[in-house]
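If you want the building blocks of each chain, they are given just below.
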Amino acid sequence: MTSDGPAPQAAVVGAGPAGLMAAERLAAAGCAVTVYDRMPSPARKFLLAGRGGLNLTHSEPIDRLLARYGETTPALERAVRAFPPEALTAWCEGLGVETFVGTSGRVFPKSLKASPLLRAWLRRLSAAGVRIELRRRWTGFDGDGGLTFETPEGAYVVRPDAAVLALGGASWPRLGADGGWVAPLEAAGVEIAPLKPANCGFVVPWSAQVRERFAGAPIKRAAMTFEGVTRRGEAIVTSDGIEGGLVYALSARLRDAIARDGEARPTLDLRPDLSVEALAAKLAAPRGGRSLSTHLRKAAGLAPVAVALLREAGAPPSDPVSLARAIKAAPLRLIAPTGLERAISTAGGVRFSALDDAFMLKERPGVFVAGEMLDWEAPTGGYLLQATFSTAVAAADGAAAWAWRTRGRPSSSERV
């Protein structure tokens, strides 16, 4: 794509995984790239994700993976197929970071950490001539379409040949993604779907006993069912509700039901590995002088927290069959999602109808959008980072093509 003459100037706003990937692609296409971020260091949320092992992507067949994106699959499909899990894994290994596929099909770096990958990545970007300017908060556009920033040294404007916005969603705002981009884009006429928590926990009006005795207790080998959909996994009781992978897997349905009906009432199967009949047979064993809690622990294998959750619905039934049914369908009452500041990811964002096929804003030619700023959501399991990287590649390739086509118009940085 390169030719004689000066390289086009490209700006990337946001130094998370989407922004850094966009910067790498733009530099590889021959652009002079500067990344701007409001935080004192890059990729802070990416590093936090690494504490959980850094689930990069998933190894399942591409059609099954694409289905994880639900209604937004058609909008994401081209980007994900162009930069699929195999490409993401190869890119990671190209940085010298080996990967492995876990028993669940999820793909991780062998170190189970983000920091070695990020260090290698930043070295590659530096070698490619990418500049990263920190403590630069993007505030919108000036009257001529330039990108405006607030910095400790004062406000200034950047006028690149092309720009990629990769500012993330609004979860974990202390790490940099605070949704502050919504107002400037709405002011520019860009249609934004309201930001909502995704892969989040939920508020449950627990009894005092559960709040005081079981906050922090894990719920293991359980299944949750809501609206005919069942997922297995683990969860954690919190002082004000429930969170964890089991809940995250159904969080979109639960969140939308609460918005519609004021509450959601899933059921919790506390022994999903046993049928009602098999469980009832165990419960029919002579109880002797044992308390019900002890009997449930010894005969049914229920942990104390599971017994407490069973009692939340009232006194458990006495006959073995009814008790087994209650254990396999303990009701929960969820009254609100936890806030965006505690969510794993964000739903909502720039609507795909506001973009062209190259992820460029129709209202702002030359400005492209990638990553969690876009209006999509997915469960945990590698799907979040996969779409983040794939859309970054697509947006950057579109931005590079635009920058080379429009090279020669004035581009500059100036103090306001």
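Up top is the structure.
Residues numbered from 1 in each chain as written. Predicted model: local features only at pLDDT ≥ 70, side-chain atom pairs only at ≥ 80, totals over all residues. Heavy atoms only, no water.

K.L.:
So what's going on with the overall build of the chain? Residues and values would help.
P.N.:
Scanning the chain from terminus to terminus reveals 15 helices and 21 strands. With the C-alpha coordinates of the chain rotated into their principal frame, the extents come out at 90 × 40 × 35 Å. With 416 residues in all, the chain has 52% of them scored as buried. Total accessible area computed for the chain in this model is approximately 17,900 Å², and 51% of it derives from carbon and sulfur atoms. Across the chain, 50 positive and 41 negative side-chain charges occur, with their mean positions spaced 8 Å apart. (Helix = DSSP H or I, 4+ residues; strand = E, 2+ residues; numbered from the N terminus. Buried < 20%, exposed > 50% of the residue type's maximum accessible area, 1.4 Å probe, protein only. Areas by Shrake-Rupley, 256 points an atom, 1.4 Å probe, with all protein chains shown as cover. Lys, Arg positive; Asp, Glu negative; His and termini not counted. Charge placed at Lys NZ, Arg CZ, Asp CG, Glu CD.)

K.L.:
Run through the nonpolar core, naming residues and quoting values.
P.N.:
Leu 26, Val 33, Trp 91, Leu 117, Trp 121, Leu 185 and Val 350 are the most contacted members of the largest nonpolar core, which has 84 residues in total. Ranked by residue count, the leading element in this core is helix H15 (residues 383–406), at 13 residues. If you look at the next biggest cluster of nonpolar residues, it comprises 45 residues, including Cys 200, Ala 235, Leu 296 and Val 305. (Core = buried A, V, L, I, M, F, W, Y, C linked by side-chain atoms within 4.5 Å.)

K.L.:
Quick one: what's the story with the sheet that holds strand E5 (residues 106–109), residue by residue and with numbers?
P.N.:
Through backbone hydrogen bonds, the strands of a sheet pair up, either in parallel or in antiparallel fashion. Read across the sheet, 3 strands follow the order E3-E5-E4 without closing on themselves; strand pairing throughout is antiparallel. Of all strands in the sheet, those with a lone pairing partner are strand E3 (57–58) and strand E4 (99–101), marking the two edges. For E4 and E5, the ladder comprises 3 bridges, and the chain directions are antiparallel. Within E5, the position partnered with Val 101 by the bridge is Val 107. (Pairing = 2+ DSSP bridges.)

K.L.:
Can you lay out the pattern of salt bridges for me, pointing to particular residues and giving the numbers?
P.N.:
Inspection of the entire model under this criterion finds 26 salt bridges. Glu 98 is paired through a salt bridge with Lys 110; the nearest N and O atoms lie 3.4 Å apart. One end of the pair, Glu 98, is in the loop between helix H5 (85–94) and E4; the other, Lys 110, is in the loop between E5 and helix H6 (115–127), and 12 residues separate them in sequence. Note that Glu 263 and Arg 333 form a salt bridge whose closest N and O atoms lie 2.7 Å from each other. Of this pair, Glu 263 sits in the loop between helix H10 (251–261) and strand E16 (267–269) while Arg 333 sits in the loop between strand E17 (330–331) and strand E18 (336–337), and the two are 70 residues apart along the sequence. With relative accessibility at 24%, the residue Glu 263 sits in the partly exposed group. Using a relative accessible area of 36% as the deciding quantity, one classes Arg 333 as partly exposed. Counted as one network, the salt bridges with shared partners bring together Arg 131, Glu 133, Arg 136 and Glu 153. (Salt bridge = Lys/Arg side-chain N within 4 Å of Asp/Glu carboxyl O.)

K.L.:
Tell me about the sheet that holds strand E12 (residues 202–203), and please be specific about residues and values.
P.N.:
Strand order in this open sheet of 7 strands is E17-E16-E13-E14-E15-E12-E18, and the pairing throughout is antiparallel. Each end of this open sheet is capped by a strand with a single partner; those strands are E17 and E18.

K.L.:
Which residues make up the packing of H5 against H6, and what values do they have?
P.N.:
Remark: H5 packs on H6, axes separated minimally by 10 Å, with the N-to-C direction vectors making an angle of 80°. Judged by the angle between their axes, H5 and H6 are roughly perpendicular. Side by side, H5 and H6 meet where Trp 91, Cys 92 and Gly 94 of the first sit next to Leu 117, Trp 121 and Arg 124 of the second. When the residues that make up the contact of H5 with H6 are grouped by side-chain class, the tally is 4 nonpolar, 1 polar and 1 charged. (Axes fitted to C-alpha atoms, helices over the stretch in contact; angles between N-to-C directions. Parallel < 35°, antiparallel > 145°, perpendicular 65-115°, else oblique. Contact = heavy atoms within 4.5 Å. Nonpolar A, V, L, I, M, F, W, Y, C, P; charged D, E, K, R; others polar.)

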